[in-house]
Amino acid sequence: MRIALRLTLVAAFLFAGLAGAASALAGQPTAAAAAHAPPTPRDFTRAPAISEVSISRDGKHIVALTSPDGDKVNISVWRTDDFSKPPTVIAATRIRFLDVSFLKNDRLIVTTIQTLTVGPTRGHLIKAYVTDLEGKDFRPLLPDTGVKSSDIEEFYDRFSEATLIDPLANDPRAVLVRDNRVNGNGDIYRVDVYTGSAERRERGSEKFDNYQADLKGEIRAKQELGFDNGKMYIAQWIKNPDTGAWEEHFRSYARDRTLSQVVAFTTDPNIVYVSSVRGGSDKAALYEYDIRKKTFGEPVFAHALFEAGGGVLQSTAPGDFGRVLGFTYDAEKTRVYWVDDKLAALDKGLGSALGVTPVSVAWTDPGTGKTARIGVMDGVGAGIRSWSDDFSSVVVAKSGPKLSPEYFLLRDGKLMSLGRSRPWIDPASLGDTRLVEYPARDGLMIPAFLTTPPAARFGPGPYPTLVEPHGGPWARDNMGWDDIGWVQYFASHGYAVLQPQFRGSEGWGQKLWRAGDGQWGQTMQDDKDDGVKWLVAQKIADPARVAMFGYSYGGYAALAAAIRPNGLYQCAISGAGAGDLAS
């Protein structure tokens with residue numbers, strides 16, 4: 001959320017400057033141009049009308065961020081038993097709300113941002129608060145614990161005070177919070193969200209991060225970042241269920257990238273779920289792990305074509321707290337495999353209720369070469385976002401690359417619209433996005449997302465084309481609505497946009513990820529050029545009008561594109577590009 005906001009603020013600056021360039025490069029639209037005019041930069045950068053929607057565990061309230069004018073952002077809280085009444089509105093003063101969700105049925109956690117000027121320097125202060133449902137009792141997520149700092153340390157402390165470790169869904173009053181202040185030492189506190197009292201539960205250390213609590217709210221897992229003869233590693237530590245002693249269980253070296261990490265605790269204090277790449281597999285899977293014996297069991301959840309070690313969704317209902325509801329995996333977007341029958345049936349029924357149908361595409365796994373037909377979203381998808389403990393009330397979102405999220409409440413078998421985040425953007429003015437693959441010159445299959453401009457407005461192509469590599473490069477893109485808006489802004493102005501998942505990208509398997517080692521500006525760059533050549537061969541890209549644009553690693557790739565011999569690009573735009581690799 002914070003990264004998205006910062007990039008959106010940058011986008012607001014750059015949209016204005018690039019708008020004219022887009023029109024000049026794109027050329028003239030067809031006679032259908034009068035209809036479905038493209039969105040303006042303001043349409044993408046103004047605050048959504050509604051966002052961050054969730055429901056309380058008891059199902060009695062819904063909370064969301066709302067904006068009446070695209071500038072001011074409020075918190076709105078509705079009672080689910082009577083939508084004829086207007087919501088309770090919590091207005092911001094001198095701050096801007098970034099995020100909101102339920103900590104307890106009647107307590108919210110709110111992330112805020114505000115400008116901070118110190119001498120000639122102006123920056124942004126991001127802070128978390130806890131409040132009641134009317135906004136009358138705002139208090140910091142971490143209260144004053146008595147830790148004293150110097151004036152300079154207090155200044156730095158204001159930028160990173162605390163991190164929520166665990167909302168402790170099984171505790172009616174408390175949450176676990178990490179102290180990020182200079183003299184806080186990373187200590188973990190149990191904080192009462194009603195009184196603000198804080199009790200230290202675990203002493204922190206500069207060596208450790210990623211603390212995790214078990215289902216009883218006890219910190220029982222943490223990770224160590226260290227060096228062994230100059231080789232960086234991440235070690236997973238777990239508390240022994242019998243002695244309470246911390247023990248190192250597995251160490252993963254950065255070069256090997258076979259990270260094994262605890263992702264969830266189970267109702268058995270000796271068994272945890274661990275994400276790992278094992279047995280020469282190309283994809284991460286989820287395993288049961290026996291803490292006492294230090295042994296892995298068979299995979300609990302794995303996917304033949306996609307990474308499947310990311311997340312475990314568990315029940316927060318008192319009667320079956322911790323029961324597994326579903327597992328996440330990374331396909332064209334993050335998907336959920338529901339193991340709970342009720343949620344699985346509900347998720348399946350959303351498609352027909354909201355007019356969403358998947359499309360079958362041919363797919364070749366970059367890691368194994370296996371081919372299959374897979375179902376992916378056909379422009380629009382629908383999914384469960386939040387639910388009450390008894391599943392009687394569920395928040396659903398319908399969205400896609402050309403449809404900003406529209407939120408619904410499913411209650412008593414009926415769907416009620418809660419609102420669309422950007423109703424002022426006409427989906428017909430935006431481009432169509434699809435998951436594609438193309439072969440690199442050495443035969444490796446490169447996944448990509450291809451967005452083409454509205455054919456009714458700009459014809460069948462070839463189009464001026466923008467290649468937009470992601471940052472990282474240990475990262476990946478996903479198919480869905482993008483609040484930052486670059487892809488659809490240019491597509492709506494007549495561009496085809498390619499988002500290549502070049503070698504070095506994470507989240508598509510080990511082979512594609514590792515193939516980028518030491519290949520900045522070399523085979524990683526070839527993958528982007530091969531994408532352009534493929535688009536030209538498909539008569540999608542106009543070879544005389546191709547540009548590259550990216551941030552961070554993507555900015556580096558744009559710099560490399562500008563200086564490569566026999567380059568394919570007429571324009572390159574580098575945002576925060578790492579131009580000097582030696583430093």
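Cut-off values and rules
- Residues numbered from 1 in each chain as written.
- Predicted model: local features only at pLDDT ≥ 70, side-chain atom pairs only at ≥ 80, totals over all residues.
- Heavy atoms only, no water.
- Buried < 20%, exposed > 50% of the residue type's maximum accessible area, 1.4 Å probe, protein only.
- Helix = DSSP H or I, 4+ residues; strand = E, 2+ residues; numbered from the N terminus.
- Pairing = 2+ DSSP bridges.
- Axes fitted to C-alpha atoms, helices over the stretch in contact; angles between N-to-C directions.
- Parallel < 35°, antiparallel > 145°, perpendicular 65-115°, else oblique.
- Contact = heavy atoms within 4.5 Å.
- Nonpolar A, V, L, I, M, F, W, Y, C, P; charged D, E, K, R; others polar.
- Salt bridge = Lys/Arg side-chain N within 4 Å of Asp/Glu carboxyl O.
- Phe/Tyr/Trp six-rings, centres within 6.5 Å; stacked < 30°, edge-to-face > 60°.
- Lys NZ or Arg CZ within 6 Å of the ring centre and 35° of its normal.
- Patch = residues over 30% accessible without salt bridge, like charges linked within 9 Å, V, L, I, M, F, W, Y side chains within 5 Å.
- Areas by Shrake-Rupley, 256 points an atom, 1.4 Å probe, with all protein chains shown as cover.

**Q** Could you give an account of the pairing of strand β11 (residues 188-192), naming the residues involved and the relevant values?
**A** Burial within β11 is extensive, with four of its five residues counted as buried. Bridging between strand β10 (residues 174-179) and β11 involves five bridges; their strand directions are antiparallel. When the bridges of β11 are listed, Leu 176 appears paired with Arg 190. One ladder, built from four bridges, connects β11 with strand β12 (residues 198-202); its direction is antiparallel. Of the residues in β12, the one forming a bridge with Val 191 is Ala 198. Taken together, β11 and the strand that follows it, β12, pair antiparallel across an intervening segment of five residues, in which Gly 196 is found at a positive phi of about 85°.

**Q** Talk me through the packing of helix α8 (residues 523-537) against helix α9 (residues 553-563); I want residue IDs and the actual numbers.
**A** It is at 11 Å that the axes of α8 and α9 come closest, and there the two elements cross at 75°. Between α8 and α9, the angle is such that the two are roughly perpendicular. From α8, Met 524, Gln 525 and Lys 528 reach across to α9, where they touch Tyr 553, Ala 557, Ala 560 and Ala 561. A breakdown of the residues in the contact of α8 with α9 according to their chemical character gives five nonpolar, one polar and one charged.

**Q** If you had to explain the pattern of salt bridges to someone new, which residues and values would you point to?
**A** One pass over the full model with this rule turns up 32 salt bridges. We note a salt bridge from Asp 526 to Arg 441, for which the minimum N-O separation is 3.6 Å. With Asp 526 in helix α8 and Arg 441 in the loop between β30 (432-439) and β31 (445-452), this residue pair connects regions lying 85 residues apart in the sequence. For Arg 441, a relative accessible area of 52% puts it in the exposed group. Linked by salt bridges that have partners in common, Arg 441, Asp 526, Asp 529, Asp 530 and Arg 564 make up one network.

**Q** Run through the sheet that holds β30, naming residues and quoting values.
**A** Across the sheet, which stays open at both edges, the six strands sit in the order β30-β31-β33-β32-β34-β35 with mixed pairing between neighbours. At either end of the open sheet lies a strand with only one pairing partner, and these are β30 and β35 (571-575). Ignoring which end each strand starts from, the neighbouring axes of this sheet average 25° apart. Bridge analysis of β31 against strand β33 (residues 496-500) gives four bridges, and the strand direction is antiparallel. For Thr 451, the partnering residue across the bridge sits in β33 and is Val 497. Along the sheet, α8 makes contact with β30, β31, β32 (463-467), β33 and β34 (541-551), crossing β30 at roughly 110°.

**Q** So what's going on with the environment of Asp 71? Residues and values would help.
**A** Relative to the helices and strands, Asp 71 is located in the loop between β2 (61-66) and β3 (74-79). Asp 71 sits 106 residues away from Val 177 along the chain, and the two C-alpha atoms are 31 Å apart. If we ignore the near neighbours within four places in the chain, the residues touching Asp 71 are Arg 42 and Arg 96.

**Q** Can you break down the packing of aromatic side chains residue by residue, with the values?
**A** Summed over all chains, the structure comprises 28 aromatic pairs. Taken together, a centroid distance of 5.5 Å and an interplanar angle of 25° make the contact between Phe 301 and Tyr 337 stacked. Pair noted here: Phe 301 is in strand β20 (residues 295-301) and Tyr 337 is in strand β23 (residues 334-338), with a separation of 36 residues, a long-range link. Taken together, a centroid distance of 4.9 Å and an interplanar angle of 75° make the contact between Trp 486 and Phe 549 edge-to-face. One end of the pair, Trp 486, is in helix α6 (residues 486-491); the other, Phe 549, is in strand β34, and 63 residues separate them in sequence. Phe 549 matches Trp 486 in its accessibility class, with the two residues each being buried. Members of the aromatic cluster, connected to one another through ring pairs, are Phe 44, Trp 486, Tyr 489, Phe 490, Tyr 495, Phe 549 and Tyr 551. The side chain of Arg 251 reaches across the aromatic face of Tyr 233, ending 3.8 Å from its centre.

**Q** I'd love a proper account of the sheet that holds strand β14 (residues 219-228), names of residues and values included.
**A** What the four strands build is an open sheet, ordered β13-β14-β15-β16; its pairing is antiparallel. Strands at the two margins of the open sheet, each flanked by one partner only, are β13 (208-213) and β16 (246-253). Mean inter-strand twist for the sheet, computed between neighbouring axes without regard to direction, equals 25°. Relative to strand β15 (residues 231-239), β14 runs antiparallel, the two sharing eight bridges. Among the inter-strand pairings, Ala 221 is bridged to a residue of β15, identified as Ile 238.

**Q** Hey, could you go over a nonpolar patch on the surface for me, with residue numbers and the actual values?
**A** Taken together, the side chains of Leu 225, Phe 227 and Met 232 define a hydrophobic patch exposed on the protein surface, amounting to about 320 Å² of accessible area. Tracing the sequence through the fold places Phe 227 in strand β14. Its relative accessible area of 59% is what places Phe 227 among the exposed residues.

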